[in-house]
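Here's the letter readout for the chains.
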Amino acid sequence: MAGYDTEYDVIVCGGGTSGVAAAISAARTGAKTLVIERTGCLGGQMCVSGPPGFAYARLFNTYGEQDTAGFVEETHARLYKAGHAWPHYHPKHRVPAAYTFSYVDPEWWMLMIFNMMEEEGVDLLIDSLVVGAVKDNDTVKGVLVENADGRREIKGKIVIDCTGEAYFANYAGAETVCVDVEDIQPHTISFTADGVDWDKLLTYINRNPEQFEYQQLLHRASDQTKEDVYKAYSKVVDIRELGEVMGFKDLRDAALKNGDWHPFSGAGFFLQPKEGGKILAHFQHSSHWDKTLPTDAWALSRCHIECRKQIQIAWRFFKNYVPGFENAYIVKISTELRLREGPRIVGDYVLNRDDVINTRQFSDTIGKSSFPAGAYHTANVNT
Ligand SMILES: Cc1cc2nc3c(=O)[nH]c(=O)nc-3n(C[C@H](O)[C@H](O)[C@H](O)COP(=O)(O)OP(=O)(O)OC[C@H]3O[C@@H](n4cnc5c(N)ncnc54)[C@H](O)[C@@H]3O)c2cc1C
């Protein structure tokens, strides 16, 4: 029975993508497992704010071979079968950069995860904030939570910090680091829109391919050029092959001149699948503002307020300047400011540049990615 008297083999703090994967994996080994989540949903940034399916980016290498599987493939396959994901798209112009997306509907992803938790026998304590560590000298014995029952203790043999911001590690006294404020990536409030005339937008893209970002599709391991990317954009017939739509350079510059844009963000959005082949536009509108430290609550509040202003500017731009958005409307604005950079746990071993260059293998690997975003602390896109 789930409850405060149960001693768990594994307690996972945070039910984001990493937390639910850790919990399901632990439960499959027979461990009595609990997930504690502060919000009412599972999936973390994947559902609360992130681009739909960002966890499913870059599943293919530069040869177009799928090289990431496991939990990612299992959940994509399950949602695809249920009609809540698009197939793995690996169009010719994205493969050479190993930058493909396999989109899933984030709302259904979250519902599927609730089902999987039940199937795997994982206990859930929702709307509960982990506020401290229970320790016996240097050994972690459990967690302190605050929820409708007040402040309570739950015992666990192993506690995994999946809060995304190393909260539990901090409470337990483990070493954490935070990126210097000058290097911080922008915090973001996302929003989603419906009512876009996709045919009209695609016609604009086909006719103006040079208006869109191409750098992310160049890779030092391939000879694809800017011109190749433009050619591909001019011929795309299914907008889903684009993955993300970023650029609108002349339109954005014109808007900047007219005071209808701000200098803190590029213009663009991701695609979000919905039932019946419908597509929503999902915006990751970033603040790029004030270099806000992720550990400064007042600065984060100011950033929150700024992001809400920027959303209104961005929306004015899309409605008034971008073909296809004339009758579009916002359907959802994230309740949370999300952080790309937060405090990190300093592990027993820290990856270095040589490890990346030499593709060093580790026996305790728990994840795999070819995504260089955020990796500039260790390596970077030129590695
Ligand atoms: C705007 C944005 C864009 C991104 N784009 C991409 C992308 O394109 N591709 C990509 O791969 N990654 C992207 N990322 C990164 C990606 O979102 C993260 O790597 C991923 O979400 C990390 O998953 P996680 O489970 O560790 O943390 P999270 O998703 O943050 O989940 C943490 C969970 O812990 C819960 N929690 C936190 N504190 C507590 C507490 N004290 N008690 C209980 N529960 C708690 C939270 O509510 C949340 O559910 C992006 C991130 C952001 C913010």
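Model, not experiment: these values are computed from the prediction.

### Quick look at the overall build of the protein chain
Thinking step 1. In terms of regular secondary structure, the protein chain is built from 10 helices and 13 strands.
Thinking step 2. Considering only C-alpha atoms, the protein chain reaches an extent of 65 × 45 × 45 Å along its principal axes.
Thinking step 3. A burial count over the protein chain gives 48% of its 383 residues as buried.
Thinking step 4. Per element, the accessible surface of the protein chain, about 19,000 Å² overall, is 51% carbon and sulfur.
Thinking step 5. In the protein chain, 39 positive and 51 negative side-chain charges are present, and the distance between their average locations comes to 4 Å.

### Digging into the pattern of salt bridges
Thinking step 1. If you walk through the whole model with that rule in mind, you get 18 salt bridges.
Thinking step 2. When the shortest N-O distance is used, the salt bridge between Lys200 and Glu326 registers 3.0 Å. With a gap of 126 residues between them, Lys200 in helix H6 (residues 198–207) and Glu326 in the loop between helix H9 (297–321) and strand S12 (329–333) connect regions that are remote in the sequence.
Thinking step 3. When salt bridges that share partners are traced, they join Arg38, Glu165, Glu336 and Arg338 into one network.

### Observations concerning the site of the ligand
Thinking step 1. Taken together, 25 residues form the shell around the ligand, and within it Ser18, Glu37, Gln45, Val130 and Gln284 come nearest.
Thinking step 2. Contact distances for the ligand include 3.0 Å between an oxygen atom and a side-chain N or O atom of Thr17.
Thinking step 3. Gln45 places a polar main-chain atom, nitrogen or oxygen, 2.9 Å from an oxygen atom of the ligand.
Thinking step 4. Relative to its free-state accessible area of 1,000 Å², the ligand is covered by the protein chains to the extent of 83%.
Thinking step 5. When contributions to the shell around the ligand are tallied by element, the ones reaching two or more residues are helix H1 (17–28) and strand S4 (129–136).
Thinking step 6. Within the shell around the ligand, the residues separate by chemical class into eight nonpolar, 13 polar and four charged.

### Structural notes on the packing of aromatic side chains
Thinking step 1. Evaluated as defined, the whole model comprises 26 aromatic pairs.
Thinking step 2. Aromatic side chains Phe101 and Phe270 sit 5.8 Å apart centroid to centroid with 80° between the ring planes, which places their arrangement in the edge-to-face category. Of the two residues, Phe101 is situated in the loop between helix H3 (70–81) and helix H4 (106–120) and Phe270 in strand S10 (residues 267–273); the sequence distance between them amounts to 169 residues. Comparing Phe101 with Phe270, the two get one shared label, buried.

### Quick look at the packing of H3 against H4
Thinking step 1. Orientation of H3 relative to H4, taken along the N-to-C sense of each, is 110°, at an axis distance of 11 Å. In this view, H3 runs roughly perpendicular relative to H4, as classed from their interaxial angle. The element H3 and its partner H4 pack so that their crossing is right-handed. Contacts from Phe71, Glu74, Thr75, Arg78 and Leu79 of H3 reach H4 at Trp108, Trp109, Met112, Ile113, Asn115, Met116 and Glu119.
Thinking step 2. A class-by-class count of the residues in the contact of H3 with H4 yields seven nonpolar, two polar and three charged.

### Here's the deal with the layout of surface pockets
Thinking step 1. Reported here for the second largest pocket is a volume of approximately 240 Å³.
Thinking step 2. Along its surface, the second largest pocket is lined by Lys92, His93, Gln224, Asp228, Lys231, Ala232, Lys235, Val236 and Glu241.
Thinking step 3. Taken together, the residues that form the lining of the second largest pocket break down as two nonpolar, two polar and five charged.

### Side note on the confidence of the model for the protein chain
It should be kept in mind that the predicted coordinates are not to be read in detail where pLDDT is low.
Thinking step 1. In this model, the protein chain carries a mean pLDDT of 90, and residues with pLDDT of at least 70 account for 94%.
Thinking step 2. Under a pLDDT of 50 for its full length, residues 379–383 has, in the predicted model, eight contacts with residues more than four places off or in other chains.

What counts, and at which threshold
Residues numbered from 1 in each chain as written. Predicted model: local features only at pLDDT ≥ 70, side-chain atom pairs only at ≥ 80, totals over all residues. Heavy atoms only, no water. Helix = DSSP H or I, 4+ residues; strand = E, 2+ residues; numbered from the N terminus. Buried < 20%, exposed > 50% of the residue type's maximum accessible area, 1.4 Å probe, protein only. Areas by Shrake-Rupley, 256 points an atom, 1.4 Å probe, with all protein chains shown as cover. Lys, Arg positive; Asp, Glu negative; His and termini not counted. Charge placed at Lys NZ, Arg CZ, Asp CG, Glu CD. Salt bridge = Lys/Arg side-chain N within 4 Å of Asp/Glu carboxyl O. Near = heavy atom within 4 Å. Polar contact = N/O pair within 3.5 Å; in protein donor to acceptor, adjacent residues only side chain to side chain. Nonpolar A, V, L, I, M, F, W, Y, C, P; charged D, E, K, R; others polar. Phe/Tyr/Trp six-rings, centres within 6.5 Å; stacked < 30°, edge-to-face > 60°. Axes fitted to C-alpha atoms, helices over the stretch in contact; angles between N-to-C directions. Parallel < 35°, antiparallel > 145°, perpendicular 65-115°, else oblique. Left-handed = near helix turned anticlockwise from the far one by under 90°. Contact = heavy atoms within 4.5 Å. 1 Å grid on protein atoms, 1.4 Å probe; cavity = no way out; pocket = protein on both sides within 12 Å on 5 of 7 lines; lining within 4 Å. Points joined across faces, edges and corners; volume = space filled by probe spheres on them. pLDDT = per-residue confidence, 0-100.

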